[in-house]
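Coordinates in review
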Amino acid sequence: MSRPDNSIDHVHLVDHPLVQHKLTLMRKKDASTNNFRTLLNEVSMLMAYEVTRDMPMQDVEIETPLETMTAKMIDGKKLVFVSILRAGTGILDGMLSVVPGARVGHIGLYRDPKTLQAVEYYFKMPKDTQERDVVVVDPMLATGNSAVAAITRVKALKPKSIKFVCLLTCPEGIATLRKMHPDVEIYTAAIDRQLNDHGYILPGLGDAGDRIFGTQ
Ligand code: URA
């Protein structure tokens, strides 16, 4: 049976019931920090499953207990997860637990509270990016400014491909990212109604970083 295609205009909505159920639990304001972090970890593993669906595989010869066979393997080292600090860490952990060989990059960006523009304070990427596929992760694609800034920086290193994974987004965030980086596929568990005047997603789940780290 073929899978329903939930990709519209380079946006892949991961609407698997397990993802949706866990996302609903995360949205609840009384979810504890520990519970929120655990759920984000689990959702991220499931999102990793979708985002790596077209990863190249190679044939390798192995010995089963009964005979020799040619089997498929991925080369996790060809993949780089780039976490937008600090909230990206929450997704990164889950993704690394299913692709442990992946390399990791970090981009430190904070949002200027007045202009809502992204300001960079840290950038570290693995070597030889030209040979790798990059997945940039951040739980919230809200104004889109951080995602655009991060992807612009990564693109300058000329990776083979770039995808963006978030937990939640909204029409404004998608529009900004699509306008600036139309070639980048977006993976999200939900597209919420709108942004508020402070750049928060509604109905959303609040400040993802505060909820992951308990810093509110
Ligand atoms: N960042 C968050 O953490 N939450 C939002 O709703 C928007 C941006």
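Overview of the structure. (Residues numbered from 1 in each chain as written. Predicted model: local features only at pLDDT ≥ 70, side-chain atom pairs only at ≥ 80, totals over all residues. Heavy atoms only, no water.)

**Description of the overall build of the chain**
A tally of regular secondary structure across the chain gives six helices and 15 strands. The C-alpha atoms of the chain give a radius of gyration of 18 Å, which matches the 17 Å a tight globule of 216 residues would have. Seen through its C-alpha atoms, the chain measures out along the principal axes to roughly 65 × 35 × 35 Å. Residue pairs in contact within the chain that sit at least 24 positions apart in sequence constitute 64% of those at least 6 positions apart. Accessible surface computed for the chain: about 11800 Å², of which carbon and sulfur atoms make up 55%. Distance from the positive charge centre (26 side chains) to the negative charge centre (26 side chains) of the chain: 5 Å. (Helix = DSSP H or I, 4+ residues; strand = E, 2+ residues; numbered from the N terminus. Rg over C-alpha atoms; globule rule 2.2 N^0.38 Å. Contact = heavy atoms within 4.5 Å. Areas by Shrake-Rupley, 256 points an atom, 1.4 Å probe, with all protein chains shown as cover. Lys, Arg positive; Asp, Glu negative; His and termini not counted. Charge placed at Lys NZ, Arg CZ, Asp CG, Glu CD.)

**Side note on the pairing of strand S12 (residues 185-188)**
Judged from the three bridges that link them, strand S2 (residues 11-13) and S12 form a sheet pairing that is parallel. Within S12, the residue paired with His12 across the bridge is Tyr187. Relative to S12, strand S10 (residues 161-165) runs parallel, the two sharing three bridges. Residue pairing in the sheet places Val165 in a bridge with Tyr187 of S12. (Pairing = 2+ DSSP bridges.)

**A short note on the site of the ligand**
With respect to spatial proximity, the complete set of residues near the ligand consists of Arg111, Met140, Ala142, Gly199, Tyr200, Ile201, Gly206, Asp207 and Ala208. At 2.8 Å, a backbone N or O of Gly206 approaches a nitrogen atom of the ligand. Ala208 places a main-chain nitrogen or oxygen 2.7 Å from an oxygen atom of the ligand. Protein coverage of the free-state accessible area of the ligand, which is 240 Å², stands at 89%. (Near = heavy atom within 4 Å. Polar contact = N/O pair within 3.5 Å; in protein donor to acceptor, adjacent residues only side chain to side chain.)

**Focus: the pattern of salt bridges**
According to the stated counting rule, one finds nine salt bridges in the structure shown. When the shortest N-O distance is used, the salt bridge between Lys22 and Glu42 registers 2.7 Å. Here the residue Lys22 occupies a position in helix H1 (residues 17-27), and Glu42 occupies one in helix H2 (residues 33-51), the gap between them amounting to 20 residues. Of the charged contacts in the structure, one is a salt bridge between Asp210 and Arg86, with a shortest N-O distance of 2.9 Å. In this pair, Asp210 is assigned in helix H6 (residues 208-213) and Arg86 in the loop between strand S5 (79-85) and helix H3 (88-98), connecting sequence segments 124 residues apart. Judged by relative accessible area, which is 17%, Asp210 ranks as buried. The exposure class of Arg86 is partly exposed, given its relative accessible area of 34%. (Salt bridge = Lys/Arg side-chain N within 4 Å of Asp/Glu carboxyl O. Buried < 20%, exposed > 50% of the residue type's maximum accessible area, 1.4 Å probe, protein only.)

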